[in-house]
Amino acid sequence: MRELLPYLKLYKKHWFGLSLGMLLGFATLAASIGLLTISGWFLSAAAVAGLSVAKETFNFMLPSGFVRGFAMGRTAGRWGERVVSHNATFKLLTDLRIFFFQKLTPLIPGRISNLRDADILNRVVADIDSMDHVYLRLISPVVVGTLGIASITVLVCWFDERLGLILGGILLAILLTWPVIFYKLGQRNGQELTQNRADFRITMLDWLEGFSELTLFGAEARYRTAINEAQDKLINNQRINAHIAGLAQALLMLANGWTMVLMLWLSADGVGGQPPSPLIALIVFATMASVELLMPIAGAFQYLSQTLSSARRLNDVILAEPDVVFPNQSAPHSGEFSLDFDNVTFRYNADERKAVNQVSLSIPAQHKVAIVGQTGSGKSTLMQLLSRYWDTQDGEIRIAGTPLKQWAESDLRAAISVVSQRVDILNGSLRDNLILAKPQASDDELQRILINVGLEKLLDAPGLDGWVGDGGRQLSGGEKRRIGIARAILHDGPILLLDEPTEGLDKQTEKNILALFQQHFAGKTVVFITHRLVDLDHMDSICLIEEGEVVEHGSHTELMAQGGRYFQLNQTL
Ligand code: ADP
Ligand code: MG
């Protein structure tokens, strides 16, 4: 149960709505029980009165008034309770999702990269949804049930103490045993259900995302079968759930029936020591109505283990410590955005070789340096260290003279513009895809930049409103890269990191893109990562990396004159 603590804390903020919901729930219940009890008594009392002299004096008006009142109260109460408690739970879920997101984002891209997208999605959607069970299915019914049992006991005790205590005792015993029995019965199935629901979504998303690839390889049917299997398991879990819920209700009805028989037998000789009277009907109907108290509790506890396993899955995320923690405020730094790597060493996993090994490199402000090296030599890692995706295990990186760890995240992001190796296009309009780099940019500015990067074709109707990415216009590799460049121009940080911006493009496009850089990035500190040795003579310096180590560093002419590795690589091209 400790798993639920972080979520119960969120309840505090909504205590008013949640308590009001329970109060209305209780009022509705009281009206229901009152209705059944009074009508039971009223019918028999009226019948008895009709047969005796009391028919002249019997007050029909008052009890009928109560019956009407309770009937209306029950309807209004139920409506009010639903509105209030659902409103409160939806607000609670909203908070919970925001809370989860706030915990999730600092974990990206570190540890959480082990989780699959579909799995995270499932946690955000389904597991958080399960958390409303805690209130709607567990807390609220138990609180309302306990209050209800207390009141019905007091009510019956008022007529006959012995009967009241017996009824209260039986109801309390049911309230205490049913949850335990049905929690145990539903435990394994609930855990499996949470797992199978996640598996189902994961296989489903795999299939959806890879549909065209799967079809081409003839593997689509196999993946579809996997979905069906996952679905069958989930349906089976749900069937067991339904069986258990049915069993809980049936046993409750049975217990209620036998209690009624018992109460009838006990009260048959008269209630409260008086001769038999219509009060017998009141007692029996009160017993019958008491099942309403327990109905919501009967099957609810089989969901407890489901909720607990969802809470555990959420806790994996919310209790995790982020790998990288940013300070709230940056330490002062100079206005000159130089970059320094000081003996930087990094490995992704303790047992792997070092992706970056003792790199020392100084890049003065406004210098343009090319980092070259073969695929897998650690170039992208170096750039990610600079953007603080991960922290170095050894050594230090400084930007503008200030250690990277003393930069607040917002300042760091503002200082660095990145064109990453894989430009992600979000599902949204072309405008959405651009303004993420500069939210306040005007349409005019966006259009001008699109023309600058050679994407004027995209400005034809529907223009900036056109949908790109999934479900919209698909962009070619070169176009995506240009969008990435447009974003970097918009973002306009004093430091620019380019990770193989021309990889996979044809010669002409590559030339155009390189020309764009010349034009837009004057006056910035530029780190240009590439494995293609094209057009490097106009960079201020070139740094050659092999297996995570700096092998050579100098200007193009110097390195060519040296006749070392860089020279050799140039020769082999
Ligand atoms: P480059 O950009 O020069 O091609 P990378 O910096 O991407 O090379 O990779 C350097 C090394 O680190 C490679 O051996 C690669 O397999 C490994 N690597 C890269 N990213 C990860 C990661 N997220 N987890 C584990 N290893 C990684
Ligand atoms: Mg790379």
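Model, not experiment: these values are computed from the prediction.

## Points about the UniProt feature "transmembrane region" (unreviewed entry) in the chain
Moving on, step 1. In the numbering used here, UniProt assigns the "transmembrane region" (unreviewed entry) feature to residues 20-53, 138-159, 165-183, 244-267 and 279-304.
Moving on, step 2. End-to-end, the C-alpha atoms of residues 279-304 are 40 Å apart, and along that stretch the chain is 85% helix and 0% strand.

## Quick look at the coordination of the magnesium ion (ligand 2)
Moving on, step 1. Taken together, the protein donors to the magnesium ion (ligand 2) comprise S380 (OG) and Q421 (OE1), at separations of 1.9 to 2.5 Å. Within this pair, whereas S380 is found in helix α12 (residues 379-386), its partner Q421 is found in the loop between β6 (416-419) and β7 (428-429), the two being separated by 41 residues in sequence.

## Description of the sheet that holds strand β2 (residues 356-363)
Moving on, step 1. With antiparallel pairing, the 4 strands of this open sheet are ordered in space as β2-β1-β4-β5. Edge positions in the sheet fall to β2 and β5 (402-403), since each has one partner strand and no second.
Moving on, step 2. In this structure, strand β1 (residues 339-346) lies alongside strand β4 (residues 394-399), joined through 5 bridges in antiparallel fashion. Note that in β4 the partner of T345 across the bridge is D394.
Moving on, step 3. Contacts from α12 reach β1, β2 and β4 within the one sheet, and its direction differs from that of β1 by about 115°.

## Considerations on the layout of surface pockets
Moving on, step 1. As a volume, the largest pocket reaches approximately 1,300 Å³.
Moving on, step 2. If you trace the largest pocket, you find 38 residues lining it, with S387, Y389, R413, V418 and S420 closest to the centre.
Moving on, step 3. Counting residues per element, the ones that place at least two in the lining of the largest pocket are α12, α13 (409-415), β6 and α16 (477-491).
Moving on, step 4. Partitioned by chemical class, the residues of the lining of the largest pocket number 18 nonpolar, 12 polar and 8 charged.
Moving on, step 5. Residue lining of the second largest pocket: 21 residues in total, with E81, R82, L136, P141 and P296 positioned closest to the centre.
Moving on, step 6. Those elements giving two or more residues to the lining of the second largest pocket turn out to be α2 (15-51), α3 (61-104), α5 (132-159) and α10 (291-300).
Moving on, step 7. No other element matches the 8 residues that α5 contributes to the lining of the second largest pocket.
Moving on, step 8. Per-class residue counts for the lining of the second largest pocket are 8 nonpolar, 7 polar and 6 charged.

## A word on the packing of aromatic side chains
Note on aromatic pairs: each is described by the distance of the centres and the angle between the planes.
Moving on, step 1. Counted according to the given criterion, the structure contains 13 aromatic pairs.
Moving on, step 2. Ring centres 5.0 Å apart and planes at 80° place the aromatic pair F346 and Y348 in the edge-to-face group.
Moving on, step 3. The exposure class of Y348 is partly exposed, given its relative accessible area of 35%.
Moving on, step 4. Judged by centre distance (6.1 Å) and plane angle (40°), the rings of F346 and W390 are tilted.

## Description of the side chain of S267
Moving on, step 1. By the element assignment, S267 lies in helix α8 (residues 220-267).
Moving on, step 2. A polar contact is formed between the side chain of S267 and the backbone oxygen of M263, at a distance of 2.7 Å.
Moving on, step 3. Those residues within four positions of S267 in sequence are excluded, and the remaining contacts are L163 and I280.

The rules behind each value
Residues numbered from 1 in each chain as written. Chains lettered and ligands numbered in written order. Predicted model: local features only at pLDDT ≥ 70, side-chain atom pairs only at ≥ 80, totals over all residues. Heavy atoms only, no water. UniProt positions renumbered as here; feature names shortened; annotations may be inferred. Helix = DSSP H or I, 4+ residues; strand = E, 2+ residues; numbered from the N terminus. Donors = N, O, S within 2.8 Å, 3.2 Å for Na, K, Ca; no water. Pairing = 2+ DSSP bridges. Contact = heavy atoms within 4.5 Å. Axes fitted to C-alpha atoms, helices over the stretch in contact; angles between N-to-C directions. 1 Å grid on protein atoms, 1.4 Å probe; cavity = no way out; pocket = protein on both sides within 12 Å on 5 of 7 lines; lining within 4 Å. Points joined across faces, edges and corners; volume = space filled by probe spheres on them. Nonpolar A, V, L, I, M, F, W, Y, C, P; charged D, E, K, R; others polar. Phe/Tyr/Trp six-rings, centres within 6.5 Å; stacked < 30°, edge-to-face > 60°. Buried < 20%, exposed > 50% of the residue type's maximum accessible area, 1.4 Å probe, protein only. Polar contact = N/O pair within 3.5 Å; in protein donor to acceptor, adjacent residues only side chain to side chain.

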